[in-house]
Amino acid sequence: LAEDAVACAAIARNLVLGKIANSRMVIDRAVRDHALLVDVAALRAAADDLKASLAACQSVESVEQLRGLEGNAASRYFSVFGQLILHQRESFRFEARTRRPPQDKMNALLSFLYTLLTNEVASALEAVGLDPYVGFLHTDRPGRPSLALDMIEELRPVFADRLALSLVNRKQIDGKGFVQKESGGVIMDDETRKAVLSAWQKRKQEEIVHPYLKERIPFGLIPHVQATLLARYLRGDLDTYPPFFFS
């Protein structure tokens, strides 16, 4: 299936739909909950652009086009991400997504959380018998868990972005816990890393109603549920892969 362009596009489309919808949800919640602390007009404009991206995804038939839409939507989302930082804005100033290495504290935090999420998803895929190195949206490269990277796309806003914002806005971590290396990259110190890992484990214990199963499950089981749903689709038990839409 990974070598079938049509099959790849069908799966990739739902992954991208999940990512864009969940990114828009993060913005919409900020407008709803913190209207007095954010630039409402800027956030609503970004949310409208993401809504248009969702509509555009419906008619796209190639993975290359989907990658383009996903990239544009991600850039638009991160163009207003700094607005979602309500406290410690000076320490956690965010202007754009940077990686390899992350150039500021918020990017360092996001990259660390994305790595945790990738490892969780890779383990979940292996547990249901899928090869995490064979992707549909991400091309295969030696040593790259392409399918895990595919599946974290829809979960990033829910798992990592919201947790990063919560840690900063609730002042559970602060800017003193980050170090800039000679190369220019920024990393967390051990104490901050422990605090982030502790918050990650607590978040995994929180419960939600899964939007597709309509059952209450711990946050930490979401990667396993989504991996199971993908496996069921690939084996012909489901007509389509149901993305995770957080609400």
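Residues numbered from 1 in each chain as written. Predicted model: local features only at pLDDT ≥ 70, side-chain atom pairs only at ≥ 80, totals over all residues. Heavy atoms only, no water.

(A) Geometry of the packing of helix H4 (residues 105-127) against helix H6 (residues 190-205). Look at H4 against H6: their axes get within 12 Å of each other, and the N-to-C directions meet at 45°. Our classification of the angle between H4 and H6 gives oblique. Relative to H6, H4 is oriented so that their crossing is right-handed. Here Leu109, Phe112, Leu113, Leu116, Leu117 and Glu120 of H4 come into contact with H6, specifically with Arg193, Val196, Leu197, Trp200 and Lys204. Here the contact of H4 with H6 is built from residues that sort into eight nonpolar, no polar and three charged. (Axes fitted to C-alpha atoms, helices over the stretch in contact; angles between N-to-C directions. Helix = DSSP H or I, 4+ residues; strand = E, 2+ residues; numbered from the N terminus. Parallel < 35°, antiparallel > 145°, perpendicular 65-115°, else oblique. Left-handed = near helix turned anticlockwise from the far one by under 90°. Contact = heavy atoms within 4.5 Å. Nonpolar A, V, L, I, M, F, W, Y, C, P; charged D, E, K, R; others polar.)

(B) Representation of unusual backbone geometry. In this structure, Pro101 follows Arg100 across a cis peptide bond, with omega equal to -5°. Mapped onto the elements of the fold, Pro101 is located in the loop between helix H3 (63-79) and H4. Positive phi is not limited to glycine here, since Lys171 has a value of about 60°. Of note, Lys171 is situated in the loop between helix H5 (146-169) and strand S1 (178-180). A positive phi angle is found at Lys214, which is not glycine, with a value near 60°. Relative to the assigned elements, Lys214 resides in the loop between strand S3 (207-209) and strand S4 (216-218). Lys214 sits in the exposed class, given a relative accessible area of 63%. (Buried < 20%, exposed > 50% of the residue type's maximum accessible area, 1.4 Å probe, protein only.)

(C) Structural view of the pattern of salt bridges. Going through the model one piece at a time under the given rule, you end up with ten salt bridges. A salt bridge links Arg76 to Asp49, with the shortest nitrogen-to-oxygen separation between them at 2.6 Å. Taken as a pair, Arg76 in helix H3 and Asp49 in helix H2 (residues 40-57) lie far apart in primary sequence, 27 residues in all. With a shortest N-O distance of 4.0 Å, Glu64 and Arg67 are connected by a salt bridge. Taken as a pair, Glu64 and Arg67 lie in helix H3 at a separation of three residues, close to a single helical turn. Several salt bridges converge on common partners, so that one network encompasses Lys19, Glu70, Glu153 and Arg156. (Salt bridge = Lys/Arg side-chain N within 4 Å of Asp/Glu carboxyl O.)

(D) Structural detail: the side chain of Ser146. Among the secondary structure elements, Ser146 is positioned in helix H5. Side-chain polar atoms of Ser146 contact the backbone oxygen of Thr139, separated by 2.9 Å. Not counting the four nearest positions on each side in its chain, Ser146 is found in contact with Pro132, Tyr133, Val134, Gly135, His138, Thr139, Asp140 and Arg141. (Polar contact = N/O pair within 3.5 Å; in protein donor to acceptor, adjacent residues only side chain to side chain.)

(E) Geometry of the packing of aromatic side chains. The full count for this structure, using the stated rule, is ten aromatic pairs. Judged by centre distance (5.2 Å) and plane angle (65°), the ring pair of Phe81 and Phe94 falls under edge-to-face. In this pair, Phe81 is assigned in the loop between H3 and H4 and Phe94 in the loop between H3 and H4, connecting sequence segments 13 residues apart. When its relative accessible area of 0% is taken as the criterion, Phe81 is described as buried. The buried category is assigned to Phe94, whose relative accessible area is 9%. (Phe/Tyr/Trp six-rings, centres within 6.5 Å; stacked < 30°, edge-to-face > 60°.)

(F) Region of the structure containing the packing of helix H1 (residues 5-33) against H2. Across the interface, H1 lies against H2 with an axial gap of 9 Å and an inter-helix angle of 160°. When the axes of H1 and H2 are compared, the pair comes out roughly antiparallel. In this structure, the crossing between H1 and H2 has a hand that is left-handed. In contact with Arg13, Val16, Leu17, Ile20, Ala21, Ser23, Arg24, Ile27, Asp28, Ala30 and Val31 of H1, H2 contributes Val40, Leu43, Arg44, Ala46, Ala47, Leu50, Lys51, Ser53, Leu54 and Cys57. Taken together, the residues of the contact of H1 with H2 break down into 14 nonpolar, two polar and five charged.

Interpretation note: all reported values are geometric properties and have no functional meaning in isolation.
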